[in-house]
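A closer look at the structure
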Amino acid sequence: MNKENKVFKDLQKAFNTGVSYMLPSVVVGGIFLAIALSTGTATDAGMEVTNPFMKNLLDLGIAGFSMMIPILSGYIAYSMAGKPGIAPGMILGYVANNPIGESQVKTGFLGAMIVGVAVGYVVRWCKTWKVPATIRTIMPILIVPVFTTFVIGLIYIYVIAVPIGSFMDWLVSVLGELQGGNAILLGLIIGAMTAVDMGGPINKTATAFTLALMAEGIYAPNGAHRIAVAIPPLAMAISTFIDRKKYNSEDKDLGISAFFMGLIGITEGAIPFAVKDIKRVLPAIIIGSAIGGALGMANGVEALVPHGGLIILPVVNGKLWFFLSMLIGTLVSVAILHFTKPNLVEETQVKNNEFKTTVEDTEIAK
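Sequence order sets the numbering: in each chain, residues are counted from 1 along the sequence as written. Side-chain atom pairs in this predicted model are given and counted only at pLDDT of 80 or more, local residue features only at pLDDT of at least 70, and totals for whole chains, interfaces and linings cover all residues. For the side-chain quantities, the full set of heavy atoms in the structure was used; hydrogens and water were omitted.

1. Section: the overall build of the protein
Helices and strands together make up the secondary structure of the protein, namely 15 helices and four strands. Based on the C-alpha atoms only, the size of the protein along its principal axes is roughly 70 × 45 × 45 Å. Taking all 366 residues of the protein together, 48% fall into the buried category. Contacts were defined at the residue level, with two residues in contact if any of their heavy atoms lie within 4.5 Å. Taking the intrachain contacts of the protein between residues at least 6 apart in sequence as the baseline, contacts between residues at least 24 apart amount to 73%. Accessible areas in this description were obtained via Shrake-Rupley with a 1.4 Å probe; residue shielding takes into account the shown protein chains only. For the protein, the accessible area works out to roughly 16900 Å², and carbon and sulfur atoms hold 67% of it. Helix and strand assignments come from DSSP, with helices taken as H or I runs of at least 4 residues and strands as E runs of at least 2, each series counted from the N terminus. Whether a residue is buried, partly exposed or exposed follows from its accessible area with a 1.4 Å probe, protein chains only, as a fraction of its type maximum: under 20%, in between, or over 50%, in that order.

2. Comments concerning the packing of aromatic side chains
Stacked, tilted and edge-to-face pairs are distinguished by plane angle, under 30 degrees for stacked and over 60 for edge-to-face with tilted covering the rest, among Phe, Tyr and Trp rings (Trp via its six-membered ring) whose centres lie within 6.5 Å. Counted by the stated rule, this structure contains 10 aromatic pairs. Where Trp-125 meets Trp-129, the ring centres are 5.3 Å apart and the plane angle is 90 degrees; that geometry is what we call edge-to-face. Among the residues examined, Trp-125 registers a relative accessible area of 47% and is labelled partly exposed. On the basis of relative accessibility, which here comes to 22%, the residue Trp-129 falls in the partly exposed class.

3. Remarks on the pattern of salt bridges
Salt bridges are defined as contacts in which a side-chain nitrogen from Lys or Arg sits within 4 Å of a carboxyl oxygen from Asp or Glu. Here the structure, examined in full by the defined rule, presents six salt bridges. Between Arg-124 and Asp-10 there is a salt bridge; the shortest N-O distance is 3.4 Å. Of this pair, Arg-124 sits in helix α4 (residues 108–126) while Asp-10 sits in helix α1 (residues 2–38), placing them 114 residues apart in sequence. Of the residues examined, Arg-124 reaches a relative accessible area of 29% and is grouped as partly exposed. Residues Lys-276 and Asp-251 are paired through a salt bridge, measuring 3.0 Å at the closest nitrogen-oxygen approach. Residue Lys-276 is located in helix α12 (residues 271–276), and its partner Asp-251 is located in helix α11 (residues 249–263); the two are separated by 25 residues in the primary sequence. Relative accessible area serves as the criterion here: at 25%, Lys-276 is assigned to the partly exposed category. Residues joined in a network through salt bridges with shared partners are Lys-6, Asp-10 and Arg-124.

4. Section: the environment of Ser-79
Mapping Ser-79 onto the fold places it in helix α2 (residues 52–81). Each C-alpha atom of the pair Ser-79 and Ala-290 lies 34 Å from the other, and the pair is 211 residues apart in sequence.

5. Some words on α11
Note: α-helices contain 3.6 residues per turn, so residues at a spacing of three or four share the same orientation. An ideal rise of 1.5 Å per residue puts 21 Å on 15 residues; α11 measures up with 22 Å between its terminal C-alpha atoms. When α11 is considered as a whole, its buried residues turn out to be Asp-251, Leu-254, Gly-255, Ser-257, Ala-258, Met-261 and Gly-262. Sitting at the amino-terminal end of α11 is Asn-248, which places a side-chain oxygen 3.1 Å from the backbone nitrogen of Glu-250. Just past α11, the residue Gly-265 takes up positive phi, approximately 75 degrees. Expected span of a helix, by definition, is 1.5 Å for each gap between consecutive residues, and there is one gap fewer than residues. N or O atoms closer than or at 3.5 Å make up a polar contact, with two conditions inside protein: a donor-capable atom paired with an acceptor-capable one, and, for residues adjacent in sequence, both atoms drawn from side chains.

6. Comments concerning a nonpolar patch on the surface
Patch definition: residues above 30% relative accessible area lacking any salt bridge, with like charges linked at up to 9 Å and the nonpolar side chains Val, Leu, Ile, Met, Phe, Trp and Tyr linked at up to 5 Å. Judged by side-chain polarity, Ile-135, Ile-138, Ile-141, Leu-142 and Val-146 come together as a nonpolar surface patch covering roughly 440 Å² of accessible area. Here the nonpolar patch gets three residues from one element, more than from any other, and that element is helix α6 (residues 139–177). Relative to the assigned elements, Ile-135 resides in helix α5 (residues 133–136). The partly exposed category is assigned to Ile-135, whose relative accessible area is 32%.

7. Focus: helix α10 (residues 231–242)
Relative to the 16 Å expected for 12 residues at 1.5 Å per residue, α10 spans 16 Å between its end C-alpha atoms, a close match to the ideal helical length. For α10, the set of buried residues is Ile-231, Pro-232, Pro-233, Leu-234, Ala-235, Met-236, Ala-237, Ile-238, Ser-239 and Thr-240.

8. Digging into the environment of Val-26
Relative to the helices and strands, Val-26 resides in helix α1. Residue Val-26 is classed as buried on the basis of its relative accessible area of 0%. Residues Val-26 and Glu-4 lie 22 residues apart in sequence; the distance between their C-alpha atoms is 32 Å. Not counting the four nearest positions on each side in its chain, Val-26 is found in contact with Phe-65, Met-68, Leu-254, Ser-257, Met-261 and Pro-272.

9. Description of the confidence of the model for the protein
You can read pLDDT as the predictor saying how much it trusts each residue, on a scale of 0 to 100. When pLDDT is averaged across the protein, the result is 87; 93% of the residues are at 70 or more. Low pLDDT, under 50, characterises residues 357–366; the stretch is placed with one contact to residues that sit more than four places away or in other chains.

10. Here's the deal with the packing of helix α7 (residues 183–196) against helix α8 (residues 201–215)
An axis is simply a line fitted to the C-alpha atoms; with a helix, the fit covers only the stretch in contact. Between two such axes, the angle follows the N-to-C directions and lies from 0 to 180 degrees. Following both chains from N to C, one finds α7 and α8 inclined at 135 degrees, their axes separated by 6 Å at the closest point. What the angle tells us is that α7 and α8 run oblique. Crossing geometry of α7 relative to α8 is assigned as left-handed. Only Ile-202, Asn-203, Thr-205, Ala-206, Phe-209 and Thr-210 of α8 make contact with α7, whose side of the interface consists of Leu-186, Ile-190, Met-193, Thr-194 and Val-196. Amino acid classes used here: Ala, Val, Leu, Ile, Met, Phe, Trp, Tyr, Cys and Pro are nonpolar; Asp, Glu, Lys and Arg are charged; the rest, including Gly, are polar. Of the residues belonging to the contact of α7 with α8, the class tally is seven nonpolar, four polar and no charged. Put simply, angles under 35 degrees are roughly parallel, angles over 145 are roughly antiparallel, angles from 65 to 115 are roughly perpendicular, and the rest are oblique. Helix crossings fall into two classes, left-handed where the near helix is turned counterclockwise from the far one by less than a right angle and right-handed where it is turned clockwise.

The following block contains the structure:
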C-alpha cells in the first residue's frame, strides 16, 4: 500500500510540475490566438486572419500552442528523473502531438503524459547503470537521451500508435452509421469525443467526420462539434470564477485565459486543469460537452465553417440554440465540478491525515 501511495504521489507531483512549466506557453498562445482570431473573418476554411500584424500575432499564438504539449511531457519526465529526462520527454511529447507512423496518428496531451512518465522511469533506470567514470560523464547528455528517445519512441510508434489508428478508423465507421434518425445519440457521441482528449486523436476523428459531412452539405454534426469545442475551457474558466476556494492563484489566472480561448473555440485551454485533476475534470467536461452536442443536434443547429466558439455566431444556422446549447453544457460541467471538486483546504487536510495515518502505521510496525 505504501509503495502504491508513493507511485501515485510521484505521478501527481510530476503532472503538477509539467503543468506549472506548461502554463506560460498556454497563456501566451491562448491570448495571442484570441486577439488575432477576434479580428478574423469566418470562411469555409475556418477563421481567416488577413491583417499582416494580426497574422504575425496568430503565428506567435500557434507557436505557443505547439510548444505546450512538448513542455508538459518534458517536465513530467524532469520531475521524475531530473535534467536527463527533459530532452527525450520534449522530443517524444512533440511526437505524441503530431501525426506519425503509417496511420499518421497523434495522441495529444494524453499520449504526452504517457510518454513523459515512461521517459521518467526509463531515465531513472539508466541512472542505476554501473558504468566506468569516463562514460558516466557523457551519460546525461548523450547515452541516456539517445537510448531513451530510441526505446520509448519505437514503442510509441509501433505499439501505441498502431492500435489507436485502427480504433480511429473504427470510430469513423460507427459514426457514419449513426446519421439520420440517431441525431441526439450522434450529438452526444460527437460532444463526448470532442472533450475526451481535447485536440487528441479522438477529438480529431470527430473533426474529420464533421468536415467530411460538410463537404456533402450536411452541417448539423459540425454544429454539435463546434458547440462542444468551447465547453471545456468555458466550464473551467467559469468554475474558477465561481468556486474560488477550489483553485489556487495560478489556476485563477489561467481561468481568465481559458475563458477567452473558449470564446474562440480552443478546447486546449482546459488541458492544464485536466492534467492536474484528471479524475474530476475529465468526466465533468465530457458530460457537459456531450449534453451541449446533443442539444445542438436535437435543435438543428448548423455551423457553416470549420471553427467553434461564439466567435462564429454570425455564420451559424440556429443561433439561439447554438448559444443555449453551449451555455447549458458549460453550466452542467460547472455544476459537476462544484459538487465533485473539494476546496483546497479540505484536500490539504485529507492529504495531511493520510500522511499522519501512514506515519502512525509505521510507528506501530516498529
